[in-house]
Amino acid sequence: MIKKDLVIIGAGAAGLSSALAAYQNGVEEILILEKEEDAGGILNQCIHTGFGLHTFHQEMSGPAYAQKCIDLVEQTPIEIQTSTMVLSVSQDRVVTCSSSKYGLQKIQAKAIVFATGCRERSRGAIQLPGTRPAGIMSAGTAQRYLNIDGWLVGKKVLILGSGDIGLIMARRMTLEGAEVVAVAELMPYSNGLPRNLKQCLDDFNIPLYLSHTITDIKGHHRVEQVVLSQVDEKLQPIAGTEKVFDVDTVLLSVGLIPENSLLEDAGAVLHPRTKGPIVDERCMTSIEGIFACGNSLHVHDLVDFVYAEGQRAGKAAADYLHQIQPADKMIDVIAKGELSYILPQKLHPSDTKLFYRVKSPLKNCTIEISCNNQIIRTLKKPALIPSIMEEITIKKQWLDECDGPLVVEVKA
Ligand SMILES: Cc1cc2nc3c(=O)[nH]c(=O)nc-3n(C[C@H](O)[C@H](O)[C@H](O)COP(=O)(O)OP(=O)(O)OC[C@H]3O[C@@H](n4cnc5c(N)ncnc54)[C@H](O)[C@@H]3O)c2cc1C
C-alpha cells in the first residue's frame, strides 16, 4: 500500500491552500487527489472578476486565482494527482481511489483533509411543478457549459433563486446575448451578496421578483412558458398573482449542499443545518486525524475565506502529525436566536474565531456570548444579512473560565 503523511481530497482553493499550509508547517509527503483533469475546482468556471482581494490584494478572475494557487503548489514538492476519483475513506485513514493512469490505488494516510466542495440543489430537490422538457438546468451547470465548453444554453431565460450563482449567471447570459426576463426569489430578500445584486441585476435592468416562485413549467421538447406566482408569509403561492413568461430556459440557483457522502460513509458526524461535518477549531471532524475545509465544511460566500479556512486545516493537520495536541478540555458551541448556524461547533480553549450566518436580514442586533447563563461578551451589529458570513474573535481566557457550553445568541 502507498503511504503518505497527508492526503488532501479535492484541488480547489481549499485543498490547495491546506496543502501549502501543511507544507509550510513541516509536513513532507503531501498528496492531493482531484477527480477533474485540472486542479482549481469551481474557480475554473468562474471567469468573472471579484476574487482575491483579501488573499492576494488584487482583483482576479476565478481561473487566475486558481492558477496563482497552483503555481504556489508547484514551487513545492507537493504532488497533485488529477483525473483521480476518491471512492472511499476508512476510519483508519485508508483512501481508495481510481484513475485511468494508475488504476485502483489504496493509500494509507496519517492525516486526511476533505476539501471536496459542494453540489447544487436540483429540480427534484425542490419539487418544481410542470412538465419536464429540455432547457431546465442548474445555474452552475449552465456556467460550466458556457464558460468552459462554449455553449450558450438558451436565448430567453428565467432564473429561479437569487443566490450568487444565479445573479452571476443573469449577467453572464446577458453579456453573451441572451435575454434574462426575470430572476425570481422565494424569500422576501435576496440570498446573494449586495455587490452582485447591483453589478449583475441593477446594472443590466434585470427585474428581481422577491416572494415569487415557479408554479408551472410548460413545454413539450423544450421549455416554452414559465408561470411565476407571488407567495404569502408561509411561502405558499397566492392564487390570482400568476405571471406568464415566454422563455426557452430555466436556470436554478436554489442552494448549495456541501459534498460529504464519503465523509459520512466514513462515519463522521454531520451537522443537520450546515450539512458539513461537526468540527472543532482545528477543522478536525469527529474522526481523529480527518479534517474538513472550504465548501465541503460549509458553503462560503468568498473564495478568500475558503483559502483562509484551508490554511487553518492544513496547519492543524501539520500540528496533528507533529503530535502538538490542544488542551484536553472541549467546549460545545451552541447557536441560539436568529443564528442560522455557527462554526466550529466545538472548541478547545485557545485564541480563535467563530463564524456564523443569520437566518434573515436583521437591523440593530445584539450578539450575546454566554456560558452557564453568565454573559461573557456583548457585541452590537448595525445590520446582518444571511448572504454574508460574519466572525467573532474568541479569547482563550474566556474559555478557560467556561464550564459548560458556550452559547451564542443573536437578538434583533
Ligand atoms: C458560480 C460561483 C461564483 C462565485 N463567485 C465568487 C466571486 O465572485 N468571488 C469570490 O470570492 N468567490 C466566489 N465564489 C465562491 C468560491 O469560488 C468558492 O467558494 C471556492 O472556490 C470553493 O472552493 P473549494 O475548494 O471549497 O471547492 P471547489 O472549488 O468546488 O473544489 C472541490 C474540488 O474537490 C474535487 N472533488 C470532489 N469530490 C472528489 C472526489 N471524490 N475525488 C476527487 N476529487 C473530488 C472537485 O472536483 C473539486 O475540484 C463563487 C462560487 C461559485 C460556485
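Rules and cut-offs
- Residues numbered from 1 in each chain as written.
- Predicted model: local features only at pLDDT ≥ 70, side-chain atom pairs only at ≥ 80, totals over all residues.
- Heavy atoms only, no water.
- Helix = DSSP H or I, 4+ residues; strand = E, 2+ residues; numbered from the N terminus.
- Contact = heavy atoms within 4.5 Å.
- Pairing = 2+ DSSP bridges.
- Axes fitted to C-alpha atoms, helices over the stretch in contact; angles between N-to-C directions.
- Buried < 20%, exposed > 50% of the residue type's maximum accessible area, 1.4 Å probe, protein only.
- Near = heavy atom within 4 Å.
- Polar contact = N/O pair within 3.5 Å; in protein donor to acceptor, adjacent residues only side chain to side chain.
- Areas by Shrake-Rupley, 256 points an atom, 1.4 Å probe, with all protein chains shown as cover.
- Nonpolar A, V, L, I, M, F, W, Y, C, P; charged D, E, K, R; others polar.

Trainee: I'd like a rundown of the side chain of S211, residues and numbers included.
Mentor: Inspection of the secondary structure assignment puts S211 in the loop between β13 (208-210) and β14 (212-219). In this structure, S211 is in contact with E185, L186, M187, P188, S229, Q230 and V231, ignoring residues within four places of it in sequence.

Trainee: Any details on the sheet that holds strand β11 (residues 156-160)? Residues and values, ideally.
Mentor: Read across the open sheet, the five strands follow the order β10-β17-β11-β12-β13; overall the sheet is parallel. At either end of the open sheet lies a strand with only one pairing partner, and these are β10 (136-138) and β13. Adjacent strand axes in the sheet meet at a mean angle of 20°, parallel and antiparallel pairs treated alike. Inspection of the sheet shows β11 paired to strand β12 (residues 179-185) by five bridges, in the parallel sense.

Trainee: Go over the environment of I214 with me, naming the residues and quoting the values.
Mentor: For I214, the position within the fold is in strand β14. Overall, I214 belongs to the buried group, its relative accessible area being 3%. Considered as a pair, I214 and I159 are 55 residues apart in the sequence and their alpha carbons are 9.8 Å apart. If we ignore the near neighbours within four places in the chain, the residues touching I214 are L128, P129, L158, L160, V226, V227, L228 and V250.

Trainee: Pulling in residues and values, what's your account of the site of the ligand?
Mentor: If you check the shell around the ligand, you find 32 residues, and the closest are A14, E34, I42, N295 and V303. At 3.0 Å from a nitrogen atom of the ligand is found a main-chain nitrogen or oxygen belonging to V86. Note that an oxygen atom of the ligand is positioned 3.4 Å from one of the backbone N or O atoms of A115. Notes on the ligand: free accessible area 1000 Å², of which the protein chains cover 93%. Every element with two or more residues in the shell around the ligand is listed here: α1 (13-24), β3 (49-51), β6 (84-89), α5 (164-175) and α8 (303-321). Across the shell around the ligand, the residue classes break down as 16 nonpolar, eleven polar and five charged.

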